[in-house]
Amino acid sequence: MTPHFTLPALVPEELDIQPLERSETIPSSWYVDPIFHEFDKEAIFSQTWQHIGPASGVEQPGDQSVSTVAGNPIIAVRDQERQLGAFYNVCRHRGGPIALHDCNTKVLQCKYHGWTYLLDGSLRGTPRFDRTELFDKKDYGLVPVRLDAWERMLFVNLAENVQPLAPLFGGIKERISPLALSTKKFARRIMYEVHANWKVYVDNYLEGYHLPYVHPELCNLLDYRNYVTETFEWHSLQHSPIQQGNNLYGSSADPAYYFFIWPNFMLNILPGRLQTNTVIPVAHNQCLVRFDYYYDDISSEGALKMIEEDVAYSDTVQKEDMEICEHVQRGLESRAYNKGRFSVECENGVHHFQSLLKKAYRQALDKA
Ligand code: FES
Ligand SMILES: [Fe+2]
C-alpha cells in the first residue's frame, strides 16, 4: 500500500520498547514536527475507536450527531427502525455537508445542492439530475463508518479492519462495580482549546507527579500519599482515596478513578459524577479537549448546585493543566530538549501510553 502521507524519519531504535526503569521518553520531534501530526492522523486516529458522544443524543428516529474524526466529518444517525448508524458527513455529489450541527430531520439533505438521503444513508432525491447518464442512485449512498457503544457512550472507527471495541475497556466495569456508568445522565459539554500537541496533554493526564506543583488544591481533595497508577493492555488507571471531610463529593468511601483508554479517551469518575475527556488533535501544536459531564441526578435543586460547583472546580484544574502543557510544548520545541527519563514510582502510566504509541507507529510503518 502506498501511503498518502509523508512517513516521518524514524530511527528504528526509537521504536524499541525498553522497561520503565531504563526507558527514555519519546523524542521531542514526535510532538513538534508537523509530519508527526499527519502521521498520527493515519497511524493512530484513523485506526482506533474514537469517542463521539453520548447515546442519549441520538435516541429518537431522525436524531443526528456530528463530529470530526481524524479530520473527517462524521454523522451518527438513528433511522426509522431505530437502528443507529454512522457515515462520513460528506455528500456523494460534490462533497457537501449533510448536517452542520446536531439536529433531528426526517431525511438527510445535503446543504449544497439539496440531494436527499434516507436515514439509513441510501440516496433518494437528486434534483435536476434526469439527463445524467450511467448514473445509478444505488451506487451513491453515504459512506458508512463502523459504530459501537460502551456504557451508552458512542465510538466510531474509520479503519478497514476494525478490532472490537469492548476489549479496550476490559475489566473496567468490574473494577468500579457496584458503581455503574450507563445509568448516569448527560448534563453538558465543554470544549477547551489547548496550544500543545495532543500527546503532551495525554502524557500530563497520565501522572500524578505534577499534582503538588500544578494543582495544590487537588492535593487537598485527594489523599495524595495513596495515589496509585496501574496499567492494563489498552488502558491505565490512576486512583486515589478522597480525603474525608468537607468537600464537594460527600463522604463516600469510593475513590477517585482516572481511566485512560488508548489512544485519547479518559473517564474521570468521582462519587455521583462521570466526566469524559476526548483529546482531538488539530495541529502539531494544538488540540481540542472535549469534556462531557454526566451525573446521577441532573434535575433536583441540590444536584444543579453540585453540578455548577463540580464544573467550576474542574475548569480550574483544566486551566492549570492547559497552562503547564503549553509551557511544555514550548520546552519541547526549544533547542535544549530531545528526550527525558521516567520516574519509576510515578510515571508508569506515561510509559505505558508511549509504549502503545511506539507499537502503533511500528505497525503503521510495517503496513506502508
Ligand atoms: S454536494 Fe451535495 S448536493 Fe451537491
Ligand atoms: Fe493535571
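Cut-offs used in this document
- Throughout, a residue's number is its position along its own chain's written sequence, starting from 1.
- To label them, take the chains in the order written and letter them from A, then take the ligands in the order written and number them from 1.
- Predicted model: local features are reported for residues with pLDDT of at least 70 only, side-chain atom pairs are reported and counted for 80 or more only, and whole-chain, interface and lining totals are derived from all residues.
- Heavy atoms from the whole structure form the basis of all side-chain values; hydrogens and water molecules are not counted.
- Helix and strand labels come from DSSP, where a helix needs a run of H or I of at least four residues and a strand needs a run of E of at least two; each type is numbered from the N terminus.
- Only heavy atoms matter for contacts: two residues are in contact if any of them lie within 4.5 Å across the pair.
- Side-chain atoms alone can form a polar contact between residues adjacent in sequence; in general such a contact is a pair of N or O atoms within 3.5 Å, and within protein one must be able to donate a hydrogen while the other accepts it.
- The donor set covers N, O and S atoms within 2.8 Å of the metal, switching to 3.2 Å for Na, K and Ca, and it leaves out water, so a site may look short of donors.
- Irregular is the default label, applied whenever a site is not tetrahedral (four donors, all angles between 85 and 135 degrees) and neither square planar nor octahedral (four or six donors, opposite donors over 155 degrees apart, all other angles between 65 and 115).
- Buried, partly exposed and exposed residues are distinguished by accessible area as a fraction of the type maximum, computed with a 1.4 Å probe on protein chains only: under 20%, between the cut-offs, and over 50%, respectively.
- Any two strands with at least two DSSP-identified bridges between them are counted as paired.
- Structural elements are reduced to axes, namely lines fitted to C-alpha atoms, with helices fitted over the stretch in contact, and the angle between N-to-C directions of any two is expressed from 0 to 180 degrees.
- The criterion is simple. A nonpolar core is a set of buried Ala, Val, Leu, Ile, Met, Phe, Trp, Tyr and Cys residues joined through side-chain atoms within 4.5 Å.
- Note: domain ranges come from an automatic or database domain assignment.
- Once two parts are brought into contact, the accessible area they lose, counted with a 1.4 Å probe and summed over both, makes up the buried area.
- Salt bridge, as used here: a side-chain nitrogen of Lys or Arg that lies within 4 Å of a carboxyl oxygen of Asp or Glu.

Chemist: Looking at this model, I keep getting lost on the environment of D310. Mind explaining?
Modeler: Residue position: D310 is located in helix α7 (residues 301-333). For D310 and L270, which are 40 residues apart along the polypeptide, the C-alpha to C-alpha distance reads 10.0 Å. When sequence neighbours within four positions are dropped, the list of residues in contact with D310 reads L248, Y249, R273, Y293 and Y295. Within the local environment of D310, its side chain forms a polar contact with the side chain of Y295, the two groups lying 2.5 Å apart.

Chemist: I'm lost on unusual backbone geometry in this one. Help?
Modeler: Backbone geometry follows two general trends: most residues other than glycine have a negative phi, and most peptide bonds adopt the trans configuration. Following S177, the chain continues into P178 via a peptide bond in cis, with omega recorded as 10 degrees. With respect to the element layout, P178 can be found in the loop between α3 (172-176) and β11 (185-194). A cis amide bond links W262 to the next residue, P263, at an omega of 0 degrees. As for its position among the elements, P263 is in the loop between β14 (256-261) and β15 (265-270). For E151, which is not glycine, the phi torsion reads 50 degrees and is therefore positive.

Chemist: Where do I start with the coordination of the iron ion (ligand 2) in this structure?
Modeler: Each pair of donors in an ideal octahedron of six around a metal sits at 90 or 180 degrees, and each pair in an ideal tetrahedron of four sits at 109.5 degrees. At 2.0 to 2.6 Å from the iron ion (ligand 2) lie its protein donor atoms, namely H210 (NE2), H215 (NE2), D321 (OD) and D321 (OD). Taken together, the four donor atoms coordinating the iron ion (ligand 2) span angles of 54 to 155 degrees at the metal, a pattern that classifies the geometry as irregular. For the iron ion (ligand 2), the single-chain donor residues occur in sequence as H-x4-H-x105-D. With a gap of 111 residues between them, H210 in the loop between α4 (198-205) and α5 (211-214) and D321 in helix α7 connect regions that are remote in the sequence. As far as burial versus exposure is concerned, H210 and D321 are alike and both buried.

Chemist: Help me out: how do you make sense of the side chain of S240 in this one?
Modeler: With respect to the element layout, S240 can be found in strand β13 (residues 235-240). A distance of 3.4 Å separates a polar atom in the side chain of S240 from the backbone oxygen of D223. The contacts of S240, once residues within four sequence positions are left out, are L222, D223, N226, Y227, P255 and A256.

Chemist: Explain the sheet that holds strand β17 (residues 286-295) to me, please; I cannot follow it from the model alone.
Modeler: Strand pairing in a sheet relies on backbone hydrogen bonds, with the paired strands running either antiparallel or parallel. Spatially, β11-β17-β16-β15-β14-β13-β12 is the arrangement adopted by the seven strands of the open sheet, whose pairing is antiparallel. Edge strands, defined here as strands with exactly one partner in the open sheet, are β11 and β12 (228-231). Mean inter-strand twist for the sheet, computed between neighbouring axes without regard to direction, equals 15 degrees. Bridging between strand β16 (residues 273-283) and β17 involves 10 bridges; their strand directions are antiparallel. Residue pairing for β17: T278 is matched across the bridge by R290. Across the sheet, helix α8 (residues 348-367) touches β12, β13 and β14, and the angle it forms with β12 is around 25 degrees.

Chemist: Teacher, can you tell me more about the nonpolar core here?
Modeler: Within soluble globular proteins, side chains that are nonpolar generally end up buried alongside one another. If you look at the biggest cluster of nonpolar residues, it comprises 68 residues, and the most contacted ones within it are I44, W198, Y201, L222 and Y361. Two domains each put at least three residues into this core: domain 1 (12-47 + 170-367) and domain 2 (50-157). Residue contacts for W198: discarding those within four places in its chain leaves D40, I44, F45, P263, V279, P281, C287, F353 and L357. Counting 19 residues, the second-largest nonpolar core is a separate cluster that includes W150, I176, Y257 and I269.

Chemist: Please explain the sheet that holds strand β3 (residues 72-78) as it appears in this structure.
Modeler: Ordered by their spatial adjacency, seven strands build an open sheet running β1-β10-β9-β4-β3-β2-β5, and the pairing between neighbours is antiparallel. Of all strands in the sheet, those with a lone pairing partner are β1 (50-54) and β5 (103-104), marking the two edges. Sheet topology note: the strand β2 (residues 63-69)/β3 ladder contains six bridges and is antiparallel. Bridging across to β3, S67 finds its partner in I74.

Chemist: Looking at this structure, how should I read α4?
Modeler: Most of α4 is tucked away: eight of the eight residues are buried. For α4, the complete set of buried residues consists of W198, K199, V200, Y201, V202, D203, N204 and Y205. Where α4 begins, one side-chain oxygen reaches toward the backbone nitrogen of K199, 2.9 Å away; that side chain belongs to N197.

Chemist: I tried to follow the domain arrangement of the protein chain on my own but got confused; where do I start?
Modeler: One frequent convention defines the size of an interface as the accessible area lost when the parts assemble. Each assigned domain of the protein chain is listed here: domain 1 (12-47 + 170-367) and domain 2 (50-157). On the side of domain 2, 15 residues touch domain 1, which itself brings 20 residues to the contact. Buried area between domain 1 and domain 2, summed over both chains or domains, comes out near 1,500 Å², and the portion from carbon and sulfur atoms is 57%. The interface formed by domain 1 and domain 2 includes one salt bridge.

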